[in-house]
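Chains, contacts and geometry: an overview
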Amino acid sequence: MSFIIYSGCVYVTSINACRAQNARAIHEQLIKHLQATRKMFTSAPILFMCESNMGQEASHIYAMLNDVPGITCLSDGKGRDGLLTTNDRKESYVLELQRYLMTDTMFFCRDIEREGMQMLKKEMMQFRRIVVDNPRARAKFYYTGKDRGQDDTVMAVSMGFWWAMQHIRGLL
């Protein structure tokens, strides 16, 4: 997915609903997406964010983007490529998404792919804050949509918004 932040508002320009089957397909989809984004925003810097995980996908994708000019791949400073997703971070990510939703400062461009938009809507309807009661300690909670399906798109949107704001604030 791609978005821009302008004047305190976020504008989602693209949501890609395709699922890649292998590294070549990932590379093709990624380059196609970046070319379309670059066509819309010819001189704007592009921040690329990828979730860090055990499979090293972030490292592979960042390596694919090494030779693409004008792209900064974000890392969380923990010595690995990509951005780590913990329960504490998920809360920050989701709160950033909620901020845009509650203040009516999140907009979608007219020509967003229909499948991507439908996937985001479905995931947002399934996304929940789960509270786990503990009689001996403070209740714990976590955010997920996986118990009802996928939550990858919601997490990509919320992570993207939060990390973009960290970059804009100079905290990276």
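Overview of the structure. (Residues numbered from 1 in each chain as written. Predicted model: local features only at pLDDT ≥ 70, side-chain atom pairs only at ≥ 80, totals over all residues. Heavy atoms only, no water.)

A word on the pairing of strand β1 (residues 2-6). Sheet analysis places β1 next to strand β2 (residues 9-14), joined by 5 bridges and oriented antiparallel. Each bridged residue has a counterpart across the sheet, and for Ser 2 the counterpart in β2 is Ser 14. Hairpin connection between β1 and β2: a loop of 2 residues separates the two successive antiparallel strands, and Ser 7 in this loop has a positive phi of roughly 55°. (Pairing = 2+ DSSP bridges. Helix = DSSP H or I, 4+ residues; strand = E, 2+ residues; numbered from the N terminus.)

Here we take up the pattern of salt bridges. Pairing of side chains with opposite charge becomes possible as their charged atoms draw close. By the definition in use, this model includes 3 salt bridges. Salt-bridge contacts for Arg 24 lead to Glu 28; the nearest nitrogen and oxygen are separated by 3.6 Å. A residue pair is termed a helical-turn pair when its members lie 3 or 4 positions apart in one helix, as Arg 24 and Glu 28 do in helix α1 (residues 23-40) at 4 residues. Exposure remark for Arg 24: the relative accessible area of 61% places this residue in the exposed category. (Salt bridge = Lys/Arg side-chain N within 4 Å of Asp/Glu carboxyl O. Buried < 20%, exposed > 50% of the residue type's maximum accessible area, 1.4 Å probe, protein only.)

With that settled, the discussion passes to helix α3 (residues 87-102). With 16 residues, α3 should reach 22 Å at 1.5 Å per residue; the first-to-last C-alpha distance of 22 Å fits that figure. Buried within α3 we find Arg 89, Lys 90, Tyr 93, Val 94, Glu 96, Leu 97 and Tyr 100. Mapping the buried residues of α3 onto a view down its axis gives an arc of 150°, with all of them on the same face. Facing away from the buried surface of α3 by more than 90 degrees, the exposed residues are Asp 88 and Met 102. (Expected span 1.5 Å × (residues − 1). Arc of directions from axis to C-beta.)

In this structure, Val 12, Met 106, Phe 161 and Trp 163 are the most contacted members of the largest nonpolar core, which totals 25 residues. For this core, the elements supplying multiple residues, two or more each, are β2, α3, α4 (114-126) and α5 (152-168). A total of 9 residues in this core trace back to one element, the largest contributor, which is α5. Aside from chain neighbours lying at most four places away, what touches Val 12 is Met 1, Ser 2, Phe 3, Met 106, Phe 107, Phe 108, Cys 109, Ile 112 and Phe 161. Counting 10 residues, the second largest nonpolar core, distinct from the first, contains Leu 34, Ile 46, Phe 48 and Ala 58. (Core = buried A, V, L, I, M, F, W, Y, C linked by side-chain atoms within 4.5 Å. Contact = heavy atoms within 4.5 Å.)

Our focus in this paragraph is α4. Between its first and last C-alpha, α4 extends 19 Å over 13 residues, near the 18 Å set by a 1.5 Å rise per residue. All of the buried residues along α4 are Gly 116, Met 117, Met 119, Leu 120, Glu 123 and Gln 126. Lining the buried residues of α4 we find β5 (106-108), β6 (128-132), β7 (140-144) and α5.

Bringing unusual backbone geometry into the picture now. The backbone of Ser 7 sits at a positive phi, close to 55°, despite the residue not being glycine. Owing to a relative accessible area of 66%, Ser 7 belongs among the exposed residues under this scheme. Although it is not a glycine, Asp 104 sits at a positive phi angle of roughly 50°. Note that Asp 104 resides in the loop between α3 and β5.

Moving on, we get to the packing of aromatic side chains. Under the definition given, this model contains 6 aromatic pairs. Taking 5.3 Å as the distance between ring centres and 20° as the angle between the ring planes, the aromatic pair formed by Tyr 11 and Phe 107 counts as stacked. One end of the pair, Tyr 11, is in strand β2; the other, Phe 107, is in strand β5, and 96 residues separate them in sequence. With 4.9 Å between their ring centres and 85° between their planes, Trp 162 and Trp 163 make a pair best called edge-to-face. Grouping residues by exposure puts Trp 162 and Trp 163 together as buried. Grouped by ring-pair contacts, the aromatic residues Phe 3, Tyr 100 and Phe 161 constitute a single cluster. (Phe/Tyr/Trp six-rings, centres within 6.5 Å; stacked < 30°, edge-to-face > 60°.)

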